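Here is how the chains run, residue by residue.
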Amino acid sequence: MRKVWIVSSVCASALAVFCSRGAAQYLPLRSQDRNALQWNVLSWGYESMMEDHVRRVAFEYNLRRSWPSDPEQIARRQADTRARLRQALGLHLLEPTPLNARVTGTLDCGDYVIEKLVFSSLPGVYVTGSVYVPKDDSVRHPAILCPHGHWRHGRYQTEVQARCIGLAKLGYVVLSIDAYGYGERAPTGHREAHFLLPTGLTLEGLQIWDNLRAIDYLLSRPDVDPSRIGITGASGGGNQTMYTAALDERIRAAVPAVSVNTLDGLFFRGIGCACEVVPGILRFADEWDILACIAPRYLFIPSTVLDPIFPVARAREAFLRAKQVFEDLGVADHITIQHFYDRHAYNQELREAMYGWFQSVFRGKPFEPVPEPPGVEPIHDFAELRVFPEGKLPADARSLTHLALSAAKRYRRPSRFSSLQDWNSYKGQVLSVLRENVLDSLPDRGPIPLRLKIVDRTSFSSWDIEKWVFWSDWDVIVPAVWVRSPNPRGTVILAHAEGKEQAVTEGWVEQARKADLNVLAIDLRGTGETREEGRLLVQNNLIIGKPILGEWAWDLCRAIDAVEISLGGSGQPVYLVGNGPAGLACLLAGLLDDRVSGVGAIATLGSYVAKDRYSVDGVYYLPGILQWADIPHLVALLSPRRVTLAGPIWPSGEPVRHEELARLFEPATSAFRLKEAVSSLNLTTEARFPSVVAHLIH
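Because the structure is a prediction, the values reported are computed rather than measured.

Trainee: Now, about the sheet that holds strand 18 (residues 681–684): what can you tell me, with residues and values included?
Mentor: The strand order across the open sheet formed by nine strands is 10-11-12-14-13-15-16-17-18, and the pairing between neighbours is mixed. This sheet does not close on itself; its edge strands, each paired only once, are strand 10 (453–460) and strand 18. Between one strand axis and the next, the sheet turns by 15° as a mean value, whatever way the strands run. As paired elements, strand 10 and strand 11 (residues 463–473) share seven bridges and run antiparallel to each other. Each residue of the ladder has a partner; that of Arg457, found in strand 11, is Glu466. Along the sheet, helix 17 (residues 548–567) contacts strand 11, strand 12 (476–484), strand 13 (491–495), strand 14 (518–522), strand 15 (574–579) and strand 16 (596–602); its crossing angle with strand 11, the most-contacted strand, is approximately 130°.

Trainee: Which residues make up the packing of helix 17 against helix 18 (residues 580–592), and what values do they have?
Mentor: The geometry of helix 17 relative to helix 18 is characterised by a closest axis approach of 8 Å and an angle of 60° between their N-to-C directions. Between helix 17 and helix 18, the crossing angle belongs to the class labelled oblique. In the crossing of helix 17 with helix 18, the sense of the turn from one axis to the other is right-handed. Seen from helix 17, the contacting residues are Leu549, Trp552, Ala553, Leu556 and Cys557; seen from helix 18, they are Pro581, Ala582, Leu584, Ala585, Cys586, Leu588, Ala589 and Leu592. Taken together, the residues of the contact of helix 17 with helix 18 break down into 13 nonpolar, no polar and no charged.

Trainee: If you had to explain the pattern of salt bridges to someone new, which residues and values would you point to?
Mentor: Under the counting rule described, the total for this entry stands at 40 salt bridges. The salt bridge partner of Asp289 is Arg77, with a shortest N-O separation of 3.3 Å. Of this pair, Asp289 sits in helix 9 (residues 287–292) while Arg77 sits in helix 4 (residues 71–89), and the two are 212 residues apart along the sequence. As far as burial versus exposure is concerned, Asp289 and Arg77 are alike and both buried.

Trainee: Residue-level account of the packing of aromatic side chains, with values.
Mentor: Under the defined criterion, the tally for this structure stands at 15 aromatic pairs. An angle of 10° between the planes, with centres 5.8 Å apart, marks the rings of Phe358 and Phe362 as stacked. Here Phe362 and Phe358 lie together in helix 11 (residues 348–363), a separation of four residues that amounts to about one turn. With a centroid separation of 4.9 Å and an interplanar angle of 10°, the aromatic rings of Trp508 and Phe689 are classed as stacked. With Trp508 in helix 15 (residues 508–514) and Phe689 in helix 22 (residues 689–696), the pair connects residues that are 181 residues apart, well separated along the chain. Here Trp508 matches Phe689 in class, with each residue buried. Through successive ring pairs, a cluster of aromatic residues spans Tyr298, Phe300, Trp357 and Phe367. Between the NZ or CZ atom of Arg410 and the centre of the ring of Tyr411, over which it lies, the distance is 5.8 Å.

Trainee: Explain helix 13 (residues 420–438) residue by residue, including any values.
Mentor: Every buried residue of helix 13 is accounted for by Trp423, Tyr426, Lys427, Val430, Leu431, Val433, Leu434 and Val438. One side of helix 13 carries all its buried residues, which in axial view fall inside an arc of 160°. Across helix 13 from its buried face, at more than 90 degrees, point the exposed residues Gln421 and Ser425. Buried residues in helix 13 make contact with helix 18, helix 19 (631–636) and helix 21 (666–674). Phi for Asp440, located one or two positions after helix 13, is positive at around 65°.

The rules we used
- Residues numbered from 1 in each chain as written.
- Predicted model: local features only at pLDDT ≥ 70, side-chain atom pairs only at ≥ 80, totals over all residues.
- Heavy atoms only, no water.
- Pairing = 2+ DSSP bridges.
- Helix = DSSP H or I, 4+ residues; strand = E, 2+ residues; numbered from the N terminus.
- Axes fitted to C-alpha atoms, helices over the stretch in contact; angles between N-to-C directions.
- Contact = heavy atoms within 4.5 Å.
- Parallel < 35°, antiparallel > 145°, perpendicular 65-115°, else oblique.
- Left-handed = near helix turned anticlockwise from the far one by under 90°.
- Nonpolar A, V, L, I, M, F, W, Y, C, P; charged D, E, K, R; others polar.
- Salt bridge = Lys/Arg side-chain N within 4 Å of Asp/Glu carboxyl O.
- Buried < 20%, exposed > 50% of the residue type's maximum accessible area, 1.4 Å probe, protein only.
- Phe/Tyr/Trp six-rings, centres within 6.5 Å; stacked < 30°, edge-to-face > 60°.
- Lys NZ or Arg CZ within 6 Å of the ring centre and 35° of its normal.
- Arc of directions from axis to C-beta.

In structure tokens form, the structure reads like this:
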């Protein structure tokens, strides 16, 4: 059961904590007892808390930013935004290598030809695609890149083929490539790609890299005019269009269709896929800032009025904010927006407007819809468009998993610590990075009042119980249950990944009480009474630059504040125990707060470096952490405090075997050995709560 829980917990829709946005369901201490204590604390459910929180953070980030009006200052701002965007996407980790482009076959379609293309965007990364080429070879043609987005059939999709064919018939060379996980690249993986984050890579960045290399390819063709390069895509393809055009000034005109929004607008339904997540982007840019980086080049934004994902109001907001930069550069006519009556679609009416925009930019014609040429007949037998026989990539093709595995091993981290001087130096560096880079600048508890409130007192089964609420951030409340021991040996703060009620039903509270500990069981933000859908919890927090693990760690630090107030600063030890990703949050909180006497992590991730594959949920992954530390190194920095890792798992979700523990956690054991605290570190394959508590209070 442990393996099943850990692979699909916290952020999977199958589990109760995140699967419903309806009325809270409160589980009694003992379900057979009608009079059993109900563990709800809040008078009303607050399931919109995390959405409200990320919106507030986004607003405050944007409030501090504005664009200059001077052209030279605009250019500097654009350069800075591009540099930070490249860093956030992980593009700084990638280097161009030979494209090795080749055409494996052609299809004669009358007035144009489809070339079956493959090139290498990275060593072992084969990018397959279709090049639509007009038969008129008397001139050099403008060229358009068409990223396909999340259409079910990728570049084979009827709507994608239609715009490629239409453009080719109008005299454009058009390149449509398979994204990761689509078409002939289906085995490479796509949606569950958060495992790239600890390496510094992102799926969005890898897709943008493919697009940049696709532009390299187009510019290598003798039939392409290098001064007339465009790009267009819809939805996820429009997202790629926006970022690619912002980064690559070789692109003269861009048409991101049904994709422009504000990041605040996207929080309502959440970023749809890992390929649209740019970690920490709101720390330096919103979507209108990215659009402004396209100025003074040409930008047309088609939007549909019935689009539930990219509503008109938000699209217009992004457009109007970006337009100000175009106006300040004296090119107000280089940006425009049009709205169409449809849902989330790139229909013929939108395509005809797009044709008109490119004809205006590249051929000097008035901007008006251009009728779709006759004979736009997509190929319905997708096998005809395959680049490789049977649609199989070469045997040495690398998937996202391969890229993550090799990138994870790129960085040199200490395999062990040989001196206290080395350990102290390393600890200072890693803690600084955690606070400022990986977890964003954590709030200062000084300006944020804790406002601890006891909302109820009761007794149950000889327990004296208080129900608490305290404020972890300006807009984040934490409901908790406090069970006081008559003769406490310390206090344990319980952070169950599914909320405090589950800590009760699994016996954690009762077992901790039997160990003579005060118990504070809390709902980490986004769990329990403030539960949020797991996908939103992970991806929205990544966008604002505050990974949920870091925010959970902060909740735990604030919980210690609450305990100290209740006990009047007794000086007794405080322990943190959590499971799954909440266990990893406990480790982080221990690093951030010296008041923590010991940490227990049950069935949590033991390393970000997989043996062969990745399956655990995205909630675990901290962006860029592997440049400085893996999880065993974080454990090492807790020395000499008491730490138990009970039943750690690999990124595959499989348990770390007994014979693997010593090698995996050698950095930690060497640090505890240096501190003469070997007995303070307990590594076990048994994920049992009683043994965790027993070791902590030993």
